[in-house]
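Structural overview for review
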Amino acid sequence: MDVNLKIRQLMDERGWSEYRLAKNCGLPQPTFTSIFRRNSIPSITTLEKICTGFGITLSQFFAECEMTELTPDLQEVFDHWAALTLEQREAILMMMRLLHNKNQK
C-alpha cells in the first residue's frame, strides 16, 4: 500500500488541504510538505496522529474495504458496547434491527 497516496485520497474525499489536515492532526504543516514532496513515509506516531485527524483508526487506514468514519458518537457507542454483557449486546442488536426495519417501511 502506498501510504502517501492513501493520505492524499482521504484528503481528496474530504476536500481538505495540507493546512486543514495539519490543523486536524495537531501537526505542523511542514510535516506534510516533507512527506509529500520528498515522498517519505510517516512514522507510526505521525500516522496515528494523521488517522486521529481523519477520525479513523490505523486498522481502518490500512483496510482494503470501505471505511466508516469514527465520529465521537460512534466512539462513545463502541466504548459502551465493550462494557456490555453478551445478553445486553444481543438485546441492543435486536432493538437496532427492529428500529432499522421500522424505518425501512
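That block above? That's the structure.
The present account deals with the structure reproduced in this document. (Residues numbered from 1 in each chain as written. Predicted model: local features only at pLDDT ≥ 70, side-chain atom pairs only at ≥ 80, totals over all residues. Heavy atoms only, no water.)

1. Regarding the pattern of salt bridges
Enumeration over the complete set of coordinates arrives at two salt bridges. In this structure, R8 and E18 form a salt bridge, with 3.0 Å as the shortest nitrogen-oxygen distance. Remark: E18 occurs in helix α2 (residues 18-25) and R8 occurs in helix α1 (residues 3-14); sequence separation between them is ten residues. According to the relative accessible area criterion, R8 is partly exposed, its value standing at 31%. Ionic pairing is found between E13 and R14, a salt bridge with its closest N-O pair at 4.0 Å. For R14, a relative accessible area of 24% puts it in the partly exposed group. (Salt bridge = Lys/Arg side-chain N within 4 Å of Asp/Glu carboxyl O. Helix = DSSP H or I, 4+ residues; strand = E, 2+ residues; numbered from the N terminus. Buried < 20%, exposed > 50% of the residue type's maximum accessible area, 1.4 Å probe, protein only.)

2. A look at the environment of R14
If you trace the backbone, R14 turns up in helix α1. When the C-alpha positions of R14 and F54 are compared, they lie 9.0 Å apart, and in sequence the two are 40 residues distant.

3. As for the packing of α2 against helix α3 (residues 29-37)
Relative placement of two packed helices is described by the angle separating their axes and the distance separating the axes. Relative orientation of the contacting elements α2 and α3 amounts to 125°, with a least axis distance of 8 Å. Regarding the angle of α2 to α3, the classification is oblique. Note that α2 runs across α3; the crossing there is right-handed. Contact with α2, carried on its side by E18, Y19, L21, A22 and C25, involves Q29, F32, T33 and F36 of α3 and no other residues of that element. (Axes fitted to C-alpha atoms, helices over the stretch in contact; angles between N-to-C directions. Parallel < 35°, antiparallel > 145°, perpendicular 65-115°, else oblique. Left-handed = near helix turned anticlockwise from the far one by under 90°. Contact = heavy atoms within 4.5 Å.)

4. Quick notes on a nonpolar patch on the surface
On the surface, I92, L93, M95, M96 and L99 cluster together into a nonpolar patch covering about 430 Å² of accessible area. Following the sequence through the fold, M95 ends up in helix α7 (residues 86-104). On the basis of relative accessibility, which here comes to 45%, the residue M95 falls in the partly exposed class. (Patch = residues over 30% accessible without salt bridge, like charges linked within 9 Å, V, L, I, M, F, W, Y side chains within 5 Å. Areas by Shrake-Rupley, 256 points an atom, 1.4 Å probe, with all protein chains shown as cover.)

5. Some words on unusual backbone geometry
A positive phi is found at N39, a non-glycine position, where the angle reads about 55°. Its place among the elements puts N39 in the loop between α3 and α4 (44-54). With a relative accessible area of 55%, N39 lands in the exposed category.

6. Re α2
By the burial criterion, the buried members of α2 are E18, L21, A22 and C25. Around the axis of α2, the buried residues are gathered within 100° of arc, so they sit on the same side. Those residues of α2 that are buried are in contact with α1, α3 and α4. G26 sits one or two residues past α2 and shows a positive phi near 75°. (Arc of directions from axis to C-beta.)

7. Some thoughts on the packing of aromatic side chains
The geometry of an aromatic ring pair comes down to the distance between the two centres and the angle between the two planes. Overall, the coordinates contain three aromatic pairs when judged by the stated rule. Look at F61 and F62: their rings are 5.0 Å apart centre to centre, the planes differ by 80°, and that puts the pair in the edge-to-face class. The ring of F36 has R8 sitting right over it, with the charged end atom 3.8 Å from the ring centre. Over the aromatic face of W16 sits the side chain of R14, whose NZ or CZ is 5.7 Å from the ring centroid. (Phe/Tyr/Trp six-rings, centres within 6.5 Å; stacked < 30°, edge-to-face > 60°. Lys NZ or Arg CZ within 6 Å of the ring centre and 35° of its normal.)

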